[in-house]
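# Report on the structure
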Amino acid sequence: MPPIYQLQHAQKAYDGRVVLDIDALAIGRGEVLALVGPSGSGKSTLLRLLNFLEPPTAGALTFDGRAVGDDLPLSERRRVTAVFQRPALLRRSVAANIGYGLGLRGEKLPPEELAAWLERLGLTHLARQSALRLSAGEAQRVAMARALVVRPDVLLLDEPTANLDPYNVGLIERLVAEEQRALGMTVVWVTHDIFQARRVADRVAFLLAGRLVEVADAETFFTAPATAQAAAFARGELVY
Amino acid sequence: METLLDALREALRLLIDLDPALVEIIGMTLRVTGSALLLAVLLGLPIGAALGLRERIPAAGCLMPIIYTGMALPPVVAGLFVYLILSNQGPLGGLDWLFTARAMVVSQTIIALPLVIGLTLTALRGLDPGIKLQVRSLGATRLQLATALLLEARLGVLAAIIAAFGGIVSEVGAVMLVGGNIEGQTRVLTTAIVLETRRGNFALALALGIILLLLAFLTNWLFHKLSDG
């Protein structure tokens, strides 16, 4: 099957400064791709392109065979959702937050499905509470549910567990793995945590200074990286 | 102190007796201020939202100082402007609105509009940028995004409406100039207070002041309840 995303000579520049320059990258359907690299390497910028929040300034990006631009239909854009490092919950109840993405699509989350999500995430007792009064872990669980109830074809994750305790990290990793298997969705997971990348990813893409240095299956990336920079990064050393 | 106590007694008496003249003045105050507030919100909210939702405000270096200056516009200057426009020699003199409630509504709308625009756009620009990013990434259309952000900023938007209400219900300069304080036609609480003070009826003037404060308190209490909900 053709990949869901393809980038060819894709560049992103701000005020004339190129911050991302990808020669070629294909992201397969149903794979979990970890984007790793030091701060400022372009991971989040790449995620913004994949999320259609910004178009590339040069080169080509296609989503399911269609060129990504301002004319990408809404129905295509809605096949992708994202969760960021900060959950950015809305000033409404936990239940309303979980159903928000479906509401945008003119659908309503059935009560029994909402109850199942709340129970699965340990949030049943907080359903009617304002989402702004949740702890960091609870809030991120709500953000994950909000992104997943729409049954996306692609889930983009931008360091969603960076500020969480090990319990919540484990819970979110399990949740993503279960949903990924159930829906067959593609997951692109930005993380600075190489151990997490090793736990969750099928493939790893290593970015450095806006360029793709190495893309390999996770086992190869961590045991026999092709480049010295990737090897150093996998050992936890500072690379730039 | 005695005058103050007299004023309190007088205010109570006027309210209990439902003095017809007072009821007429309160009604006119609510009609003029309510209409002006409604117009300012209907015009100002979309303008404030359109500016506040943009990545960059066009000609911000010029536009923002104009809006902020408008927020500090002295009511009497707004009144003078409307007076000149609506006077016989003015461009809209043919409307024959001078010394009518309509002229008062126009001048109060001009006073309230910059407050609604300025505070709405400030409330929207003060939102966490992560909210905008998240709502867009969940597949919102432009209209859904604007609605979501306005709802997120609703406390700030409500503050804009409260500030505009406070600014116009208490102003006297503009309504006096363009309304003329005509009994039964354009007399509102503030102009009645000025009149009674000039007549030396301090107790009655203070009583009217207390009623104005009560009216403002009740309206703001209502706004507060709405924001809590």
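Attention here is on the structure that accompanies the text. (Residues numbered from 1 in each chain as written. Chains lettered and ligands numbered in written order. Predicted model: local features only at pLDDT ≥ 70, side-chain atom pairs only at ≥ 80, totals over all residues. Heavy atoms only, no water.)

### Here's the deal with the overall build of chain B
Counting its regular elements, chain B contains 11 helices and zero strands. Helices (α) and strands (β) of chain B occur, in sequence order from the N terminus, as α-α-α-α-α-α-α-α-α-α-α. Here the C-alpha coordinates of chain B stretch approximately 65 × 45 × 25 Å along the principal axes. Residues classed as buried in chain B amount to 43% of the 229 residues present. Partitioning the intrachain contacts of chain B with sequence separation of at least 6 by distance along the chain shows that 74% fall at a separation of at least 24. Carbon and sulfur atoms provide 69% of the accessible area of chain B, an area that totals close to 11,800 Å². For chain B, the separation between the mean place of its 15 positive charges and that of its 14 negative charges on side chains is 13 Å. (Helix = DSSP H or I, 4+ residues; strand = E, 2+ residues; numbered from the N terminus. Buried < 20%, exposed > 50% of the residue type's maximum accessible area, 1.4 Å probe, protein only. Contact = heavy atoms within 4.5 Å. Areas by Shrake-Rupley, 256 points an atom, 1.4 Å probe, with all protein chains shown as cover. Lys, Arg positive; Asp, Glu negative; His and termini not counted. Charge placed at Lys NZ, Arg CZ, Asp CG, Glu CD.)

### So, helix H5 (residues 101-125) of chain B
The end-to-end C-alpha distance of H5 of chain B, which contains 25 residues, comes to 36 Å, matching closely the 36 Å that a straight helix rising 1.5 Å per residue would cover. In the structure, H5 of chain B departs most strongly from a straight axis at Ala112 of chain B, where the bend amounts to approximately 30° and where the proline Pro114 of chain B lies between one and four residues downstream. (Expected span 1.5 Å × (residues − 1). Bend = angle between axes of the 7 residues up to and from the residue.)

### Let's talk about the interface of chain B and chain A
With 18 residues of chain B at the interface, the matching set in chain A holds 23 residues. Between chain B and chain A, the buried area comes to about 1,800 Å², and carbon and sulfur atoms account for 53% of it. The interface formed by chain B and chain A includes one salt bridge. Residue Arg86 of chain A pairs with Asp128 of chain B through a salt bridge whose shortest N-O separation is 2.9 Å. Counting across the chain B and chain A interface gives nine residue pairs in polar contact (both at pLDDT 80 or more). Looking at the side of chain B that touches chain A, the element that brings in the most residues is helix H6 (residues 129-137) of chain B, giving seven residues. (Buried area = accessible area lost by both parts, 1.4 Å probe. Salt bridge = Lys/Arg side-chain N within 4 Å of Asp/Glu carboxyl O. Polar contact = N/O pair within 3.5 Å; in protein donor to acceptor, adjacent residues only side chain to side chain.)

### Digging into the side chain of Lys43 of chain A
Residues and elements named next belong to chain A. With respect to the helices and strands, Lys43 occurs in helix H1 (residues 43-50). For the buried Lys43, no salt bridge is present, and the opposite-charge side chain at shortest range is Glu159, 4.5 Å distant. Polar side-chain contacts of Lys43 include one of 3.2 Å to the backbone oxygen of Pro38. For Lys43, the residues in contact, after removing those within four places along its chain, are Leu35, Val36, Gly37, Pro38, Glu159, Val190, Thr191 and Leu207.

### A look at the pattern of salt bridges
For the structure on display, the rule yields 17 salt bridges over all chains. With a closest N to O distance of 2.6 Å, Asp153 of chain A and Arg79 of chain A form a salt bridge. Residue Asp153 of chain A is found in the loop between helix H6 (136-148) and strand E7 (154-158), and its partner Arg79 of chain A is found in the loop between helix H2 (74-77) and strand E6 (80-83); the two are separated by 74 residues along the sequence. Judged by relative accessible area, which is 32%, Asp153 of chain A ranks as partly exposed. A salt bridge links Arg13 of chain B to Asp17 of chain B, with the nearest nitrogen and oxygen atoms 3.1 Å apart. Of this pair, Arg13 of chain B and Asp17 of chain B both sit in helix H1 (residues 2-17), four residues apart, which is roughly one turn of that helix. Taking relative accessible area as the criterion, Arg13 of chain B reaches 39% and is therefore assigned partly exposed. A cluster of three or more residues bridged by salt bridges with shared partners is formed by Arg29, Asp64, Glu76, Arg79 and Asp153 of chain A.

### Re a nonpolar patch on the surface
A surface patch of nonpolar side chains, amounting to about 460 Å² of accessible area, comprises Phe217, Leu218, Trp221 and Leu222 of chain B. Positionally, Leu218 of chain B belongs in helix H11 (residues 202-228). (Patch = residues over 30% accessible without salt bridge, like charges linked within 9 Å, V, L, I, M, F, W, Y side chains within 5 Å.)

### Considerations on the pairing of strand E3 (residues 32-36) of chain A
All names here are of chain A. Burial runs high along E3: five of the five residues are buried. Going residue by residue along E3, you find Val32, Ala34 and Val36 tucked away on one face and Leu33 and Leu35 tucked away on the opposite face as well. Both E3 and strand E8 (residues 186-190) contribute to a ladder of four bridges, which runs parallel. By the bridge assignment, Leu33 is partnered in E8 with Val188. (Pairing = 2+ DSSP bridges.)

### Concerning the packing of aromatic side chains
All names here are of chain A. As enumerated under the stated definition, the model contains eight aromatic pairs over all chains in all. An aromatic cluster of at least three residues, connected via ring pairs, comprises Phe206, Phe221, Phe222 and Phe233. In this structure, Arg120 is placed above the aromatic ring of Trp117, and the distance from its NZ or CZ to the ring centre is 5.0 Å. (Phe/Tyr/Trp six-rings, centres within 6.5 Å; stacked < 30°, edge-to-face > 60°. Lys NZ or Arg CZ within 6 Å of the ring centre and 35° of its normal.)

### A look at helix H7 (residues 166-183) of chain A
Residues and elements named next belong to chain A. Given a rise of 1.5 Å per residue, 18 residues ought to cover 26 Å, and the 26 Å separating the end C-alpha atoms of H7 matches this to within 8%. Those residues of H7 that fall on the buried side of the exposure criterion are Asn168, Val169, Gly170, Leu171, Ile172, Glu173, Leu175, Val176, Glu179 and Gln180. Residues of H7 that are buried make contact with E3, helix H5 (111-120), H6, E7, E8 and helix H8 (194-200). Two to three positions downstream of the cap, the backbone nitrogen of Tyr167 sits 3.1 Å from a side-chain oxygen, assigning the N-cap of H7 to Asp165.

### Examining the environment of Leu204 of chain B
All names here are of chain B. Tracing the backbone through its elements, the reader meets Leu204 in helix H11. Overall, the relative accessible area of 22% leaves Leu204 in the partly exposed class. Residues Leu204 and Val135 lie 69 residues apart in sequence; the distance between their C-alpha atoms is 55 Å. Not counting chain neighbours up to four residues away, the residues in contact with Leu204 comprise Glu10, Leu14 and Glu196.

Nothing here speaks to function; it is all geometry.
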